[in-house]
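Fold and geometry: a report
Below, each chain spelled out in residue letters.
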Amino acid sequence: MKKVFYLPLCVLVACTGCNKDNPFNNGMADWNEAGSTSGVTGATTIAVSTDEEDLISGTNFDRTITIHFNEGGQAAVKGDANNIVKVSGNQVTADNTSTSEKVKYELSGSTSNGFFKVYSKNKQAIVLSDVSISNPGGAAINNQGKKRCFVVVNGTNSLADGNSYTQTPENEDEKAAFFSEGQLIFSGSGSLTVTAKGKAGITSDDYLHFMASPTIKVTSNAGHAVRGKDAVIVSDGVLEAIATQAMKKGVASDSLVLFNGGVTTVNVSGGTAYDDEDQEFKASAGVKADLLFVMNAGTLTVTNSGSGGKGISGDGPGYFQGGTVTVNVTGSNYGQSSSGMGRPGQTSSSSSSSDDDSSKSAKGIKFDGDIYISGGSLSAKSSNHEAIESKGKIEITGGTVYAQSKDDAINSAGMLAITGGSVCAYSTGNDGIDANGNLFIEGGVVYAVGCGGAENAIDANTEGGYRLYVNGGVLFALGGLENGSVLSQNCYQASSWSKNTWYSLSVGSDTYCFKTPSSGGTGLVVSASSEPAVLSGVTPSGGTSVFGGLGVLDGSASGGNSVNLSAYSSGSGMGGPGMGGPGGGRGW
């Protein structure tokens, strides 16, 4: 059966060859982008449909089988009229491949040497009702069925695997403490703790969907904490994912990672290592989406302390459309850029400094595809490399963005455009905002801090023939603009600024307050629709605090001293070195 999901505003995702239960099969491989939104070229928002059949209320079950695990004895089974359940101590196997019944399995009790394994060709449900299962020889729960498996979490539950998987048949997968060939859809109001020592925590070779409203904590010391091959979707509930092993991820998918709600916390401490199977170095990540990342709603908090690790990473595009995202990456860079480590047998002088070989940079948010930010709140910090980076282009049309790093705070390999929202980019060692293509500021509120010297608050690749274009918006820049900029909206400058001081910028009836950090480039450049009034040493009040406490929007300011401004041009000398390039419209 073929399922097609129509995604508004310029994006179409087509799933070919999907089975009837799986809208995410084949990696959502077909993409088309066209058109424009609010003057911004390309797709800036995306919608991804989830399947209503993920609601357990839409499925009628034919039978309920209760299984009570008995520590030191044998598991007790009730309601098994078809004799599909086999018991050996607390090792329980259900084989429902010969009936058409949809069975609900209700698990309770405890065992330190048991498991629950199920084979089925039908939809089913596993109800966890105050159950504790630990299996020293493999997975605690192993679902070999390929249809939907509803997981209802009631009461307090725990699952744990062993250090080695000795019970797995040669012709079967068993990749996690809780493993499923088919979809796993979580619901309920209880709690579940999954502890993995041998492999991953929770894994589906199809997709995972977390719905209302369990509390689930997954810790893996060997593999990924949470992985859905075709998708990981968080719609509700509380999810905590912890991964400690090098190269592993907190939340990972070969295709889609989608947040539609809930509270998700990801903590990763593993660093970078050489993968013998793929013969390449791989870094850890808090969240990794191979095809598509979408943040619509909810709260996502990611920390990564591993060497070379990433906070949120994707091989395709990333869409930030709502909710609250907080990323903090504290790990050092791995490889030549840090301690000269390289591929085994490779000297430091021959190791590559690129992020594609033996060196891995610790970055807050990094996508190989484009980044689109249109809503919500996004905060990304990185101690040693970029806070937000795209190997494509970056378009910001809305939302609140705070990026802080030792390297470029916000960096794009291609075009970068800001047409709305509120953006703060603060670098202590490089440019605040850096584009390797054209850079457009056409709207919104932009606060940028560069470290000074040859590094700017806002930098475009003039060496490559590109330009910075200031066509609109409110701009407050410490460290100057790239030489050769095209300033359609007038800019003004002050020769100096004071550290750790609140400034106000007023234009018309609007007042914006910015607190200067303890470091940054020389010179202050401001711009608005008309010449703004700038005061230093003010006291902000009211409004909304943003940018990690460095900004107040829609408030007022009292006190302060007037700052003398003079006209600023692209040749004023405040920006870093560059050469004039061709003017023109947006480049890609």
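Quick caveat: nothing in here was measured; it's all calculated off a predicted structure.

To continue, consider the overall build of the protein. Counting secondary structure elements, the protein contains zero helices and 58 strands. The buried share among the 588 residues of the protein stands at 58%. Within the protein, contacts between residues at least 6 apart in sequence are counted, and of these 62% link residues at least 24 apart. Only carbon and sulfur atoms are counted for the fraction: they give 43% of the accessible area of the protein, which is about 20600 Å².

That bond from alanine 212 to serine 213 is cis: its omega, -20°, falls within 30 degrees of zero. Positionally, serine 213 belongs in the loop between strand 20 (207–210) and strand 21 (215–220). We note that asparagine 83 has phi near 55°; this positive angle belongs to a residue other than glycine. As for its position among the elements, asparagine 83 is in the loop between strand 7 (76–78) and strand 8 (85–88).

Taken in spatial order, the six strands line up as 54-55-50-49-52-57 in an open sheet, and their pairing is antiparallel. Edge strands, defined here as strands with exactly one partner in the open sheet, are strand 54 (544–546) and strand 57 (561–562). As judged from the two bridges shared by strand 52 (residues 533–536) and strand 57, these two strands associate in the antiparallel manner. In the strand pairing of strand 57, leucine 535 is matched with serine 562.

Moving on, we come to the layout of surface pockets. The calculated volume of the largest pocket comes to roughly 880 Å³. Along the wall of the largest pocket there are 34 residues; nearest its centre are Met247, Lys249, Lys282, Ala283 and Lys288. When its residues are assigned to classes, the lining of the largest pocket shows seven nonpolar, seven polar and 20 charged.

The next thing to look at is the environment of serine 158. Checked against the element boundaries, serine 158 lands in strand 15 (residues 156–160). Serine 158 sits 25 residues away from isoleucine 133 along the chain, and the two C-alpha atoms are 6.4 Å apart. Discounting chain neighbours no more than four positions away, the residues touching serine 158 are Val131, Ser132, Ile133, Leu192 and Thr193. Side-chain polar atoms of serine 158 contact the side chain of serine 132, separated by 2.9 Å.

This next bit is on the pattern of salt bridges. Enumeration over the complete set of coordinates arrives at 18 salt bridges. Lysine 175 is the salt-bridge partner of aspartate 173, the closest N and O atoms lying 3.9 Å from each other. According to the relative accessible area criterion, lysine 175 is partly exposed, its value standing at 31%. Linked by salt bridges that have partners in common, Asp51, Glu53, Asp54, Lys123 and Arg148 make up one network.

Turning our attention to the packing of aromatic side chains. The final tally for this structure, using the stated rule, is 16 aromatic pairs. When the centroid spacing of 6.3 Å and the interplanar angle of 80° are considered together, the rings of phenylalanine 320 and phenylalanine 367 count as edge-to-face. Here phenylalanine 320, found in strand 32 (residues 318–320), pairs with phenylalanine 367, found in strand 34 (residues 363–367); they are 47 residues apart in sequence, far enough to count as distant. Grouping residues by exposure puts phenylalanine 320 and phenylalanine 367 together as buried. Ring-pair connections join several aromatic residues into one group, and the members of that group are Phe259, Phe293, Phe320 and Phe367. Stacked on the ring of tyrosine 165, the Lys or Arg lysine 199 has its end atom at 4.6 Å from the ring centre.

Before going further, it helps to spend a moment on the environment of alanine 225. Structurally, alanine 225 is set in the loop between strand 21 and strand 22 (226–228). Separated by 23 residues in the primary sequence, alanine 225 and isoleucine 202 have C-alpha atoms spaced 6.4 Å apart. For alanine 225, the contacting residues outside a window of four places in its chain are Gly201, Ile202, Val218, Ser220, Ala241, Ile242, Ala243, Lys249 and Gly250.

On average, the protein scores 88 in pLDDT, and the residues at 70 or more come to 86%. pLDDT under 50 marks residues 1–40. Its contacts with residues more than four places away, or in other chains, come to 110 contacts. Overall, residues 337–354 carries pLDDT values under 50, and its contacts beyond four positions in sequence, including any with other chains, amount to 33 contacts.

Our focus in this paragraph is the side chain of threonine 219. By secondary structure assignment, the location of threonine 219 is in strand 21. In this structure threonine 219 comes out as buried when scored by relative accessible area, which is 16%. When sequence neighbours within four positions are dropped, the list of residues in contact with threonine 219 reads Val194, Thr195, Ala196 and Ile242.

Procedures and definitions
Residues numbered from 1 in each chain as written. Predicted model: local features only at pLDDT ≥ 70, side-chain atom pairs only at ≥ 80, totals over all residues. Heavy atoms only, no water. Helix = DSSP H or I, 4+ residues; strand = E, 2+ residues; numbered from the N terminus. Buried < 20%, exposed > 50% of the residue type's maximum accessible area, 1.4 Å probe, protein only. Contact = heavy atoms within 4.5 Å. Areas by Shrake-Rupley, 256 points an atom, 1.4 Å probe, with all protein chains shown as cover. Pairing = 2+ DSSP bridges. 1 Å grid on protein atoms, 1.4 Å probe; cavity = no way out; pocket = protein on both sides within 12 Å on 5 of 7 lines; lining within 4 Å. Points joined across faces, edges and corners; volume = space filled by probe spheres on them. Nonpolar A, V, L, I, M, F, W, Y, C, P; charged D, E, K, R; others polar. Polar contact = N/O pair within 3.5 Å; in protein donor to acceptor, adjacent residues only side chain to side chain. Salt bridge = Lys/Arg side-chain N within 4 Å of Asp/Glu carboxyl O. Phe/Tyr/Trp six-rings, centres within 6.5 Å; stacked < 30°, edge-to-face > 60°. Lys NZ or Arg CZ within 6 Å of the ring centre and 35° of its normal. pLDDT = per-residue confidence, 0-100.

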